[in-house]
Amino acid sequence: MTGAHKYKKQYPNNNNKLVVEEEEEKEQEENEQEPPPTFSRNERQQQQQEEEQENQQKHPNDDDIHDTLEDANDNISDKLVHEEDTTATTNNNNPFTTKTGITARTTDINTYTSTATANNVTRTTTQRNLTFVFIFITISLSSGLVYGWPALRRNLLLYENSPLTERQLGLIFTVGGWSTLGSRLFIGILRDGPLGTRHATLLSLLAVSGGCAGMAFASQDHVTALAISYFLVGFGSGTQLCLQPVAASWFEEEMQGVVLATTSGAFQVSGLVFWVLVDFVSRDRRVSLGGFVVVLCFVALVCWRVLPSKPQGRSFDSSSSGAAAGGDGGEEQKGDDEGEDPRDDANENNHINDEEDNSSNHHDEHALVLVPQAQQQPNDSLRNLMKTWEYILLLLWFSLQLIPLQYYVATIGFQLERKGDDRGTYVSLFPIMYASAAIFAPVFGKIADRFGLGIAQGLANALSILSLVILSAPVAMVPLSVQVLSMACYGLGRMCVFGMFFSNIGKRFGYRYYGTMAGVGLIVSALVSLLQYPLIALAAGGSEGWVNLGCAAVLTVEGFPYCVWLHRRETSGCKPGK
């Protein structure tokens, strides 16, 4: 009896019997169809040996088959019995197998999911608030230090007996003011391109630290050293350009005007720093400004730890959905996974990270600040956006606004002294009024979000004009105390001009090329603002009243028609280039 017949006989009920029978039937059919060939004796022996070897490879020993199948049957039977016992026990004891139990289980799962979602939203809100506070503090300590010039000027003349003339002092401020505006193009391009947010911010902070160190140790009569140092101080404005998009990206479109205007308010708060240092810390610049350099180095260290290394999709990708968020200008990001709400992105990640690579959002191993994804941006190229009439007229409006705004800061000191402020009371009050305007930054941002940029920019235009008109009034007509109103209007107007410029680029042109477009606007305005120096010279020569009125007239003729035109485009839904 062969192994197959033996197997069938011993295990007639085994499932493998059918397989064995099928193999036997196939062998019989093959034998019937093909008659066995005639072989010699040696050939038959050789063939039998080959068949035996093949059978041994295909089929193990019958006893091995028997033992293996018997063990398998025993295991299967034991497992079935165990599952039946377990099922019976579970059905009797587990309430979740009933309809009521299933409902209770579903409720527990929903409750757990809701709790986890609420925790994620709370954590994201905390991250957003901490990020915004850090950005506000950094901008307040570095970006607009140049505009604390009146306090430095007064310290040089009254307490250090500097022999510098008003024209020389005006030149120092002009150099620093130009750097404040012009350096942002350089910083913006570096942020959008090779350096990214973190390294561009560090470069800006290191430059302003070096400038403050120079101002601390430069001689009071060395106009070149003071001018070069003040030029480096102006590089601090780059921190605002780098950090604004990070702040704005956390908020919805209807809140972004508030956010950007608030960061512009932080810029003005930094104008208070030099006044605090020389009036309250120490009159000795080596002590006050030298100690401040240490503070700036600490801020730079924190920025190295918490900021994203890359520029946020190189100014935020255009493939995302939504309305407008924050980023910088530069090349396109190629990712297609954007369009989610920033808080949804945070809920997915549940950790603080730097979000992006050129293709998608990645976790930066050094970043502690979660940088959310962007929202919808215009699809036009950078070149096309910069050639639109809307962008060109925005630059014209902004550049002409800056000439009198820069001139005002440079001349407010001696203009007030000529009106009778011999003790410097009102000159010392200027940085306070200038910085206090930051309190109203969210209000102007809300106006832009609710009523449009045309209305907000028109309001900024009116405040700047009013500050110049009041300052031009002779003391015989207007008491010196009224100049407090002029300084208040100036602080509010300047903050609103800068805030609306940045908001206009973000809200009208998107954040995809934010850094480059804002930087180009600032470098153009910086070049145009060099006209402030001839105006400073005229004012120093005694013609300040006529200069003030002339500047107010130019702002009136240029500013209001543009604001009306912009408002009409907003209300009609026209986009840039349309």
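Here, the structure is the one placed above.
Residue numbering note: each chain is counted from 1, following its sequence as written. Given that this is a predicted model, residues contribute local features only at a pLDDT of at least 70 and side-chain atom pairs are listed and counted only at 80 or more, while totals for whole chains, interfaces and linings are drawn from all residues. In computing side-chain values, all of the structure's heavy atoms are included and hydrogens and water are not.

K.L.:
Explanation requested: the overall build of the chain in the structure shown.
P.N.:
Per the convention used, a helix needs a DSSP run of H or I reaching at least four residues, while a strand needs a run of E reaching at least two, with both numbered from the N terminus. Check the secondary structure of the chain and you find 23 helices and zero strands. Using a 1.4 Å probe on the protein chains alone, a residue whose accessible area is under 20% of its type maximum counts as buried, one over 50% counts as exposed, and one in between counts as partly exposed. With 578 residues in all, the chain has 50% of them scored as buried. Contacts between residues were defined by any pair of non-hydrogen atoms, one from each residue, lying within 4.5 Å. Within the chain, residue pairs in contact and separated by at least 24 positions form 80% of the contacts whose partners lie at least 6 positions apart.

K.L.:
Help me out: how do you make sense of the side chain of Gln244 in this one?
P.N.:
By secondary structure assignment, the location of Gln244 is in helix 10 (residues 237-248). By relative accessible area, which is 0% here, Gln244 ends up buried. Apart from the residues within four sequence positions on either side, Gln244 is in contact with Leu260, Thr263, Ser264, Phe502 and Tyr514.

K.L.:
Explain the side chain of Arg569 here, please?
P.N.:
Tracing the backbone shows Arg569 in helix 23 (residues 532-572). Polar contact criterion, stated in full: a pair of N or O atoms within 3.5 Å, where within protein one must be able to donate a hydrogen and the other to accept it, and residues adjacent in sequence count only if both atoms are side-chain atoms. Within the structure, Arg569 has its side chain in polar contact with the side chain of Glu390 (distance 3.0 Å).

K.L.:
What is the right way to read helix 18 (residues 425-436) from this model?
P.N.:
For the α-helix, the turn length of 3.6 residues means that residues three or four positions removed from each other point alike. One fewer than the residue count of a helix, multiplied by 1.5 Å, yields its expected span. Taking 1.5 Å of rise per residue, the twelve residues of helix 18 would be expected to cover 16 Å, and the 17 Å separating its terminal C-alpha atoms lies within 8% of that figure. Buried within helix 18 we find Val427, Ser428, Phe430, Pro431, Met433, Tyr434 and Ala435. Check the buried side of helix 18 and you find it contacts helix 6 (149-159), helix 11 (253-269), helix 12 (273-281), helix 17 (389-418) and helix 21 (483-509).

K.L.:
Would you explain the packing of helix 8 (residues 196-217) against helix 13 (residues 285-306) in this entry?
P.N.:
Each pair of packed helices can be summarised by the angle the axes make with each other and by the distance between the axes. Simply put, an axis is a line fit to the C-alpha atoms, just over the touching stretch for a helix, and the angle between two N-to-C directions goes from 0 to 180 degrees. Two elements in contact, helix 8 and helix 13, have axes separated by 8 Å at closest approach and are oriented at 170°. The angle between helix 8 and helix 13 falls in the class roughly antiparallel. Contact with helix 8, carried on its side by Arg198, His199, Thr201, Leu202, Leu205, Val208, Ser209, Cys212, Ala213, Met215, Ala216 and Phe217, involves Arg285, Arg286, Leu289, Gly290, Phe292, Val293, Leu296, Cys297, Val299, Ala300, Cys303 and Trp304 of helix 13 and no other residues of that element. Three residue categories are used. Nonpolar comprises Ala, Val, Leu, Ile, Met, Phe, Trp, Tyr, Cys and Pro, charged comprises Asp, Glu, Lys and Arg, and polar comprises the others, including Gly. Of the residues contributing to the contact of helix 8 with helix 13, the split by class is 17 nonpolar, four polar and three charged. When an angle is under 35 degrees it counts as roughly parallel; over 145 it counts as roughly antiparallel; between 65 and 115 it counts as roughly perpendicular; any other value is oblique.

K.L.:
For this particular structure, what's the right way to read a nonpolar patch on the surface?
P.N.:
Like charges are joined within 9 Å and nonpolar side chains (Val, Leu, Ile, Met, Phe, Trp, Tyr) within 5 Å, but only among residues with over 30% relative accessible area and no salt bridge; these make up the patches. Method for areas: the Shrake-Rupley scheme with a 1.4 Å probe, in which residue coverage is limited to the protein chains shown. Any Lys or Arg side-chain nitrogen located within 4 Å of an Asp or Glu carboxyl oxygen qualifies as a salt bridge. Residues Val276, Phe280 and Val281 make up a contiguous nonpolar surface patch of roughly 280 Å² in combined accessible area. Among the structural elements, Val276 can be located in helix 12.

K.L.:
Before we go on, may I ask you to explain the packing of aromatic side chains in this structure?
P.N.:
How two aromatic rings sit relative to each other is given by the distance of their centres and the angle of their planes. For Phe, Tyr and Trp, where Trp contributes only its six-membered ring, two rings pair if their centres lie within 6.5 Å, and the inter-plane angle classes them as stacked under 30 degrees, edge-to-face over 60, or tilted in between. One pass over the structure, following the stated rule, counts 21 aromatic pairs. Ring geometry for Phe267 against Phe498: centres 5.8 Å apart, planes inclined by 20°, an arrangement best described as stacked. Highlighted residues: Phe267 in helix 11 and Phe498 in helix 21, separated in sequence by 231 residues. Here Phe267 and Phe498 have matching classes, each one buried. Between Phe398 and Phe498 the ring centres are 5.3 Å apart and the planes differ by 85°, which places this aromatic pair in the edge-to-face class. Within this pair, whereas Phe398 is found in helix 17, its partner Phe498 is found in helix 21, the two being separated by 100 residues in sequence. Residue classification places Phe398 among the buried positions, given a relative accessible area of 0%. The rings of Tyr147, Phe173, Phe267, Phe398, Tyr408, Phe430, Tyr434, Tyr490, Phe498, Phe501, Phe502 and Tyr514 are connected pair by pair, giving a single aromatic cluster. We count a charge as sitting over a ring when the NZ of a lysine or the CZ of an arginine lies within 6 Å of the ring centre and within 35 degrees of the ring normal. The residue whose ring lies beneath Arg198 is Trp304, and the NZ or CZ to ring-centre distance is 5.3 Å. Taking NZ or CZ as reference, Arg283 lies 3.9 Å from the ring centre of Tyr159, over its face.

K.L.:
Can you walk me through unusual backbone geometry in this structure?
P.N.:
As a rule of thumb, non-glycine residues mostly have phi less than zero, and peptide bonds are mostly trans rather than cis. Backbone geometry at Asn161 places phi at a positive 50°, although glycine is not the residue there. Mapped onto the elements, Asn161 comes out in the loop between helix 6 and helix 7 (166-192). Assessed through its relative accessible area of 63%, Asn161 is described here as exposed.

K.L.:
For this particular structure, what's the right way to read the environment of Ser288?
P.N.:
Mapping Ser288 onto the fold places it in helix 13. The exposure class assigned to Ser288 is buried, which follows from its relative accessible area of 1%. Expressed as a C-alpha distance, the spacing of Ser288 and Cys212, which sit 76 residues apart in the sequence, is 9.9 Å. Once residues within four sequence positions are removed from consideration, Ser288 is found in contact with Leu277, Val278, Val281 and Ser282. A distance of 3.3 Å separates a polar side-chain atom of Ser288 from the backbone oxygen of Ser282.

K.L.:
What is the right way to look at the pattern of salt bridges in this model?
P.N.:
Note on pairing: side chains with opposite charge can pair once their charged atoms come close. Following the criterion strictly, the structure yields nine salt bridges and no others. Here Arg286 and Asp284 are joined by a salt bridge, their closest N and O atoms 3.3 Å apart. Residue Arg418 is joined to Glu544 by a salt bridge in which the shortest nitrogen-to-oxygen separation is 3.0 Å. Pair noted here: Arg418 is in helix 17 and Glu544 is in helix 23, with a separation of 126 residues, a long-range link.

K.L.:
Would you take a moment to explain helix 13 for this structure?
P.N.:
Between its terminal C-alpha atoms helix 13 stretches 31 Å, which fits the 32 Å expected from 22 residues at 1.5 Å a residue. Among the residues of helix 13, Arg285, Ser288, Leu289, Gly290, Phe292, Val293, Leu296, Val299, Ala300, Cys303 and Val306 are the ones counted as buried. One side-chain oxygen at the N-terminal end of helix 13 lies 3.1 Å from the backbone nitrogen of Arg286; it belongs to Asp284.

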